[in-house]
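Listed below, chain by chain, are the residues.
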Amino acid sequence: MRLGGRRESDNVDDRRGKRSVGKVSLGIGGTIVVGLIIWLMGGNPMDVITKQIAEGTTTEQNYTPTTEDEQIAKFAKTILAGTEDIWAEVFAQNGMKYIPPRMVLFSGATQSGCGNASSSTGPFYCPADQTLYIDLSFFEEMRTQLQAGGDFAYAYVIAHEVGHHVQYLLGTLDKVHQIQQQVSEKESNQLSVRLELQADYYAGVWIYHDNQKFKSLEDGDIEEGLNAASQIGDDRLQMQSQGYTVPDAFNHGTSAQRSRWLKKGIQTGDLRGGDTFSVAYSDL
C-alpha cells in the first residue's frame, strides 16, 4: 500500500510494555477457552469476553520496541486514520455523523471495557468502550501461521474491526446481539456469520474510498486481502485443525463467503450494499 506522507490517528492508546494482570471470572456462558484458533475458526472474541468480569492491575514490563515494532505500530495508526477520514465522509454523504473508535495497542494482556484481553484472543472490537484491541504480534502470526501476510492483509484486519464499529454506530450490532440471546445456538451462529460478512464488506467499502481519495492500492494488494479473507474462512480452518467441517458451528463464514463480501465492498464502495441479513443464508 502507498501510505507515504499520510497522517497517523490520535485515537490510539499505546499500552505496549504495560501488562494487565489479575483475576478473571467468566459469566453466564461458563468457562470459555479463548485463543487464536478460536478467533480464526469462527469464535467471536467480542462475544467471549463481554461475559467476563475482570479485576486487574497494570504492571510495567521490560519492553523495548524494535524498529520493526515501531513500523507496524505506525502502520496501524495510519490505517486507523484512513478509516477515520473515509468513514467520516461516507457517513456525511448518508446524512449521518461518524464518531471514530479508539484503538489500543498492547503486548501480552490488557483490560478492555469488555473484560480481559490477551494476545491469544486476537484482534477484536469492544462495543462497551467503542475500542479496537490489537496485539500487533498477531500480524506476524498471520504471516507465519496462515500464509496471509502483506500490508493490505493487515489493513484488512483493522478495517474489519472498524467495520464492527460501523455496525455499532448504525445500531446493527446491538440489535443482532439482542436477537442472539433469544434463538438457538445454530441460529445465533448464523447471525454471527452475517455480522462478520458485513464487517468484511465494510472493510471493502473503506478500501474502495481510500483508494479513490489517496491512490493507496498497489499491484497485488487486493489479492493479498482476498487471500487473507480466504485463509481465515471457517471451513478452511476447521479442515486444517480437525480434518472435517461443522457448518452449524461456523461463526465468520466460509473462505468463499468472506472473499466474496470483501470483494463486493471493494468493487462497489456503497454503504447500503452490504445487507447480509436480507439474503437467504444459503446464498451468502
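Above this text sits the structure in question.
First, a word on scope: everything that follows refers to the structure included in this document. The shown structure was predicted, so the numbers you read here are calculated from the model rather than taken from an experiment. (Residues numbered from 1 in each chain as written. Predicted model: local features only at pLDDT ≥ 70, side-chain atom pairs only at ≥ 80, totals over all residues. Heavy atoms only, no water.)

1. Regarding the packing of aromatic side chains
Next, step 1: Applying the stated criterion across every chain yields a total of eight aromatic pairs.
Next, step 2: Considering the side-chain rings of Trp87 and Phe91, the 6.2 Å spacing of their centres and the 85 degrees angle between planes classify their relative orientation as edge-to-face. Of the two residues, Trp87 and Phe91 both sit in helix 3 (residues 67–93), four residues apart, roughly one turn of that helix. There is no split in this pair, since Trp87 and Phe91 are both buried.
Next, step 3: Of the residues examined, Trp87 reaches a relative accessible area of 1% and is grouped as buried.
Next, step 4: Connected via pairs of aromatic rings, a cluster forms that spans Trp87, Phe91, Tyr98, Tyr201, Tyr202 and Trp261.
Next, step 5: The ring of Phe214 has Arg6 lying over it, and the distance from NZ or CZ to the ring centre is 3.8 Å. (Phe/Tyr/Trp six-rings, centres within 6.5 Å; stacked < 30°, edge-to-face > 60°. Helix = DSSP H or I, 4+ residues; strand = E, 2+ residues; numbered from the N terminus. Buried < 20%, exposed > 50% of the residue type's maximum accessible area, 1.4 Å probe, protein only. Lys NZ or Arg CZ within 6 Å of the ring centre and 35° of its normal.)

2. Looking at the packing of helix 7 (residues 185–214) against helix 10 (residues 255–268)
Relative orientation and spacing of two packed helices are given, respectively, by the angle between their axes and the distance between those axes.
Next, step 1: Across the interface, helix 7 lies against helix 10 with an axial gap of 6 Å and an inter-helix angle of 35 degrees. Two packed elements cross with a definite hand, and for helix 7 against helix 10 that hand is right-handed. In this structure, helix 7 uses Val193, Leu197, Asp200, Tyr201, Ala203, Gly204, Val205, Ile207 and Tyr208 to contact helix 10, whose residues at the interface are Gln257, Arg258, Trp261, Leu262, Lys264, Gly265, Ile266, Gln267 and Thr268.
Next, step 2: Of the residues contributing to the contact of helix 7 with helix 10, the split by class is 10 nonpolar, five polar and three charged. (Axes fitted to C-alpha atoms, helices over the stretch in contact; angles between N-to-C directions. Left-handed = near helix turned anticlockwise from the far one by under 90°. Contact = heavy atoms within 4.5 Å. Nonpolar A, V, L, I, M, F, W, Y, C, P; charged D, E, K, R; others polar.)

3. Considering the pairing of strand 8 (residues 131–135)
Next, step 1: The buried fraction of strand 8 is high, at five of five residues.
Next, step 2: Burial along strand 8 is two-sided: the residues Thr131, Tyr133 and Asp135 and Leu132 and Ile134 are all buried.
Next, step 3: Sheet analysis places strand 4 (residues 102–106) next to strand 8, joined by five bridges and oriented parallel. Pairing of Met103 across the sheet is with Leu132, part of strand 8. (Pairing = 2+ DSSP bridges.)

4. Focus on a nonpolar patch on the surface
Next, step 1: Together, Met239, Tyr244 and Val246 make up a nonpolar patch on the protein surface, roughly 290 Å² of accessible area in all.
Next, step 2: By secondary structure assignment, the location of Tyr244 is in the loop between helix 9 (234–242) and helix 10.
Next, step 3: With relative accessibility at 48%, the residue Tyr244 sits in the partly exposed group. (Patch = residues over 30% accessible without salt bridge, like charges linked within 9 Å, V, L, I, M, F, W, Y side chains within 5 Å. Areas by Shrake-Rupley, 256 points an atom, 1.4 Å probe, with all protein chains shown as cover. Salt bridge = Lys/Arg side-chain N within 4 Å of Asp/Glu carboxyl O.)

5. So, the state of the cysteines
Next, step 1: This structure, assessed with the given rule, holds one disulfide.
Next, step 2: The disulfide partner of Cys114 is Cys126, and the S-S distance across this bridge is 2.1 Å. Across the S-S bond of Cys114 and Cys126 the torsion is about 95 degrees, and the bridge reads as right-handed. Note that Cys114 is positioned in the loop between strand 5 (109–112) and strand 6 (115–118) and Cys126 in strand 7 (residues 124–126), a separation of 12 residues in sequence. Of the two residues, Cys114 and Cys126, both sit in the buried class. (Disulfide = S-S within 2.5 Å.)

So, to be careful, I would describe these as geometric facts and stop short of saying anything about function.
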